[in-house]
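Residues per chain are reported as follows:
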Amino acid sequence: MPTVKRAAFNSRWLPIMLLLPQLSVIFVFFYWPAWQAAQSSFFLEDPFGFGATFVGFDNYLRLFRSAEYMRTAWFTLFFTVMVTFFSLAIALLLAVKADAVIRGARTYRTLLMWVYAIAPPVAGFITLILFNQRWGPLTNFFGLFGWDFRVGLSPFDTGFAMILASVWKQIPINFIFFLSGLQSIPRAINEAAMIDDRSGREPLLAGDLSPAGTDRLFPPHHQHHLCAVRHVRDHRHDRAQQPRKQSGYACLQGLCRRIPRAGYRRLLRAVGGADGAGSGPDRLPVPAGRTAHSLQLRTDR
Amino acid sequence: MTDFPLSAPLAAAAPTANRKRLSWRKAFDHAILIAGSLFMLAPVLMLVQMSTVPDAQIMQTGPSLEIGGEFWSNLDKAIFGSMSFSGKNTGLAMFINSMILGLGFAIGKIVVALMAAYAIVYFRMRFATLAFWLIFTTLLLPLEVRIVPSYEITQKLGLLNTYTGMILPLIASATATFFFRQFFLSVPEELVEAARIDRAGPIRFFFDILVPLSRTMIAAIFIIMFVYGWNQYLWPTC
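Quick notes on the rules
- Residue positions are counted from 1 within each chain, in the order its sequence is given.
- Lettering of chains starts at A and numbering of ligands starts at 1, both following the order in which they are written.
- In keeping with the model being predicted, local features are shown solely for residues with a pLDDT of at least 70 and side-chain atom pairs are shown and tallied solely at 80 or more, while totals for entire chains, interfaces and linings include all residues.
- Side-chain calculation: all heavy atoms of the structure are included, whereas hydrogens and water are not.
- Strands are runs of DSSP state E lasting at least two residues, helices are runs of H or I lasting at least four, and both sets are numbered from the N terminus onward.
- For the radius of gyration, the atom set is restricted to C-alpha positions; the globular benchmark scales as 2.2 Å times the number of residues to the power 0.38.
- A 1.4 Å probe rolled over the protein chains alone gives each residue an accessible area, and that area as a share of the maximum for its type sets the label: buried under 20%, exposed over 50%, partly exposed in between.
- Pairs of residues are marked as contacts when any of their non-hydrogen atoms sit within 4.5 Å.
- Calculation of accessible area relied on Shrake-Rupley with a 1.4 Å probe; when residues are assessed, cover is drawn exclusively from the protein chains displayed.
- When charges are tallied, Lys and Arg are placed among the positive residues and Asp and Glu among the negative ones, while His and the ends of the chain are skipped.
- Charged groups are reduced to one reference atom each: NZ for lysine, CZ for arginine, CG for aspartic acid, CD for glutamic acid.
- We define a salt bridge as a contact between a side-chain nitrogen of Lys or Arg and a carboxyl oxygen of Asp or Glu at a distance within 4 Å.
- Only the six-membered ring of Trp is used, alongside the rings of Phe and Tyr, when aromatic pairs are assigned; centres must lie within 6.5 Å, and planes under 30 degrees apart are stacked while those over 60 apart are edge-to-face, with the rest tilted.
- Any Lys NZ or Arg CZ that is within 6 Å of a ring centre and within 35 degrees of that ring's normal is treated as a charge sitting over the ring.
- Put simply, a nonpolar core is a bunch of buried Ala, Val, Leu, Ile, Met, Phe, Trp, Tyr and Cys residues held in one set by side-chain atoms that sit within 4.5 Å of each other.

A word on the overall build of chain B
The number of helices and strands found in chain B is 13 helices and zero strands. Reading chain B from its N terminus to its C terminus gives the helix and strand order α-α-α-α-α-α-α-α-α-α-α-α-α. Relative to the 2.2 N^0.38 estimate, which gives 18 Å for 238 residues, the radius of gyration of chain B is 26 Å and therefore markedly larger than a compact globule would have. Taken along the three principal axes of its C-alpha coordinates, chain B extends 75 × 75 × 30 Å. Counting the 238 residues in chain B, one finds 40% classified as buried. Long-range contacts, defined as pairs at least 24 residues apart, comprise 67% of the intrachain contacts of chain B with a sequence gap of at least 6. Summing over all exposed atoms, chain B offers an accessible surface of approximately 13,400 Å²; the carbon and sulfur share of this is 69%. In chain B, 17 side chains carry a positive charge and 13 a negative one; their mean positions are 8 Å apart.

Quick look at the structure:
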């Protein structure tokens with residue numbers, strides 16, 4: 001992808017003026033403190049502020065030789081992997097189901113996104129209540145199975161509670177991203193996948209996961225790509241009377257390969273139809289057989 | 001999403017033998033969604049229940065299923081009550097501070113990032129790549145890592161105990177700029193060509209075409225940034 005538009009503007013001072021606020025904020029509040037932080041990492045500061053001694057890499061060596069630091073770092077890695085895995089897995093499952101049901105879909109969505117508004121310290125507070133030693137509901141619940149849950153005393157139990165709380169807090173964000181990715185998959189692709197395999201397993205693995213996955217990584221870029229897919233879908237419309245047997249993923253790939261041939265002119269036309277500016281006589285005619293509505297760029301995402 | 005016209009004949013042609021299995025699957029879907037909603041919601045409901053009973057009772061028995069009558073008085077204490085000596089440090093004051101920080105941070109960041117991303121993507125500049133990398137490197141060191149020198153610098157600039165000092169250091173990161181750059185790159189090239197043919201200048205193109213096009217993007221980033229600013233506890237307590 002080019003990093004600058006082909007038909008870029010040639011003004012000399014305007015881009016500098018545009019960049020100035022960002023660059024000045026970054027220099028004052030990022031590079032300056034970052035430089036000071038890096039510099040001071042080579043010095044040993046006097047505890048009362050009377051100067052500092054240069055110690056080279058001693059601070060770093062002490063850090064990496066400290067067993068406690070290494071243990072903490074490894075636990076952080078383990079914690080991150082666990083939270084990422086479980087929050088992604090649960091959110092994906094819920095998003096796929098929320099995308100599949102028709103009745104009550106909006107209610108489910110609202111309920112599942114709700115926790116996004118809760119601040120992390122409040123989530124921690126809730127966890128402390130749930131795992132209270134005397135009357136915590138979850139402590140009692142695990143007690144029923146003979147698990148004597150002790151937050152703050154047993155390392156395993158504490159880690160478990162931390163991971164549970166973080167997964168709980170992370171699910172809504174992942175859910176929102178997954179759902180918006182899933183909803184922008186054209187119905188046609190789902191149908192093609194359903195023709196292949198009615199069990200509902202394969203569409204998730206092949207058809208759904210790939211676009212939703214890219215969406216999670218790169219939402220903005222993906223919009224363009226989806227817009228193109230949607231467009232080619234309309235283009236394909238006349239041929240679709242005899243649907244070929246294709247898995248969902250193969251179908252999507254086929255659509256993507258056609259984008260360059262379908263041309264960016266069509267994309268442009270779609271954008272013109274979106275903001276209502278092209279309603280004058282200079283508007284490009286909508287091809288027969290296609291509704292103007294199907295050409296519109298979705299802006300409600 | 002508009003329905004693909006194919007769906008109508010397909011649905012009609014679909015065999016009806018699978019109806020029973022399908023309804024089981026629907027029930028299963030709903031069961032998973034209900035379980036997920038309960039998992040997400042139950043802790044919050046528990047918190048609401050706890051806010052309706054006197055605090056002494058909470059200390060004794062913890063959360064229960066009883067709905068007490070103390071909700072409004074508890075809410076009043078939380079919002080207008082103060083535990084500080086001056087009596088100024090109420091929940092409402094903190095709420096207003098969070099609001100100013102969240103709004104100032106989100107709006108400031110979006111304005112700065114929009115301008116910078118526009119300059120990087122739509123202008124032929126000698127140092128465009130360098131500028132991009134200068135901005136992009138800021139993702140490497142989060143504020144928590146450089147918090148002590150940041151505090152020192154804010155103090156040197158005399159910005160302690162001001163909203164500016166709270167907001168500006170938070171703006172110094174590249175997330176929004178990066179998102180807008182990616183989005184601008186995906187905007188079709190023909191738009192800027194057409195604008196130039198119609199003799200629109202860079203400023204007119206920005207306000208009349210690019211900003212309206214990125215409205216959804218701006219809204220999404222605003223929500224993310226606002227929540228990020230609202231949830232800042234470390235930097236403002238410095």
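A closer look at the side chain of Arg-146 of chain B
Positionally, Arg-146 of chain B belongs in the loop between helix H6 (128-136) and helix H7 (147-156). Put simply, Arg-146 of chain B is tucked away with no salt bridge, and the nearest opposite charge, on Glu-144 of chain B, sits 7.3 Å away. If near-sequence neighbours (up to four positions away) are discounted, Arg-146 of chain B is found in contact with Phe-29, Phe-30 and Pro-33 of chain A together with Leu-141 and Ala-172 of chain B.

Some words on the environment of Thr-164 of chain B
All names here are of chain B. Among the structural elements, Thr-164 can be located in helix H8 (residues 163-171). The class of Thr-164 is partly exposed, set by a relative accessible area of 42%. A C-alpha to C-alpha distance of 40 Å links Thr-164 and Phe-39, two positions 125 residues apart in sequence. In this structure, Thr-164 is in contact with Leu-159 and Pro-169, ignoring residues within four places of it in sequence.

Structural notes on the pattern of salt bridges
Residues and elements named next belong to chain B. Summed over the entire model, instances satisfying the criterion amount to three salt bridges over all chains. Asp-208 is the salt-bridge partner of Arg-204, the closest N and O atoms lying 3.3 Å from each other. Of this pair, Arg-204 and Asp-208 both sit in helix H11 (residues 202-213), separated by four residues, roughly a single helical turn.

Considerations on the packing of aromatic side chains
Across all of its chains, the model carries 40 aromatic pairs over all chains by this definition. Arranged with centres 6.3 Å apart and planes meeting at 45°, the rings of Phe-75 of chain A and Phe-78 of chain A form a pair that is tilted. Here Phe-78 of chain A and Phe-75 of chain A lie together in helix H3 (residues 67-100), a separation of three residues that amounts to about one turn. Between Phe-226 of chain B and Trp-230 of chain B, the aromatic rings sit 5.8 Å apart at their centres with planes inclined by 35°, giving tilted as the arrangement. Pair noted here: Phe-226 of chain B and Trp-230 of chain B are both in helix H12 (residues 215-230), with a separation of four residues, about one helical turn. What makes Trp-230 of chain B partly exposed here is its relative accessible area of 23%. Ring pairing ties together the aromatic residues Phe-9 of chain A together with Tyr-118, Tyr-122, Phe-123, Phe-180, Phe-183, Phe-184, Phe-205, Phe-206 and Phe-207 of chain B, which thus form one cluster. Directly above the aromatic system of Phe-132 of chain B lies the positively charged group of Arg-181 of chain B, at a separation of 4.0 Å from the ring centroid.

Topic: the nonpolar core
Counting residues in each nonpolar core, the largest one holds 56 residues, and the members touching the most others are Tyr-118, Tyr-122, Phe-180 and Phe-184 of chain B. Contributions of two or more residues to this core are made by helix H1 (13-40) of chain A together with helix H5 (91-122), H6, H8, helix H9 (175-186), helix H10 (189-197), H11 and H12 of chain B. Residue contributions to this core peak at 13 residues, all from H5 of chain B. What Tyr-122 of chain B contacts, discounting residues up to four positions off in sequence, is Lys-5, Ala-8 and Phe-9 of chain A together with Phe-184, Val-187, Val-192, Phe-205 and Leu-210 of chain B. One finds Leu-130, Val-167, Trp-168 and Phe-175 of chain A within the second-largest nonpolar core, a separate group that totals 41 residues.

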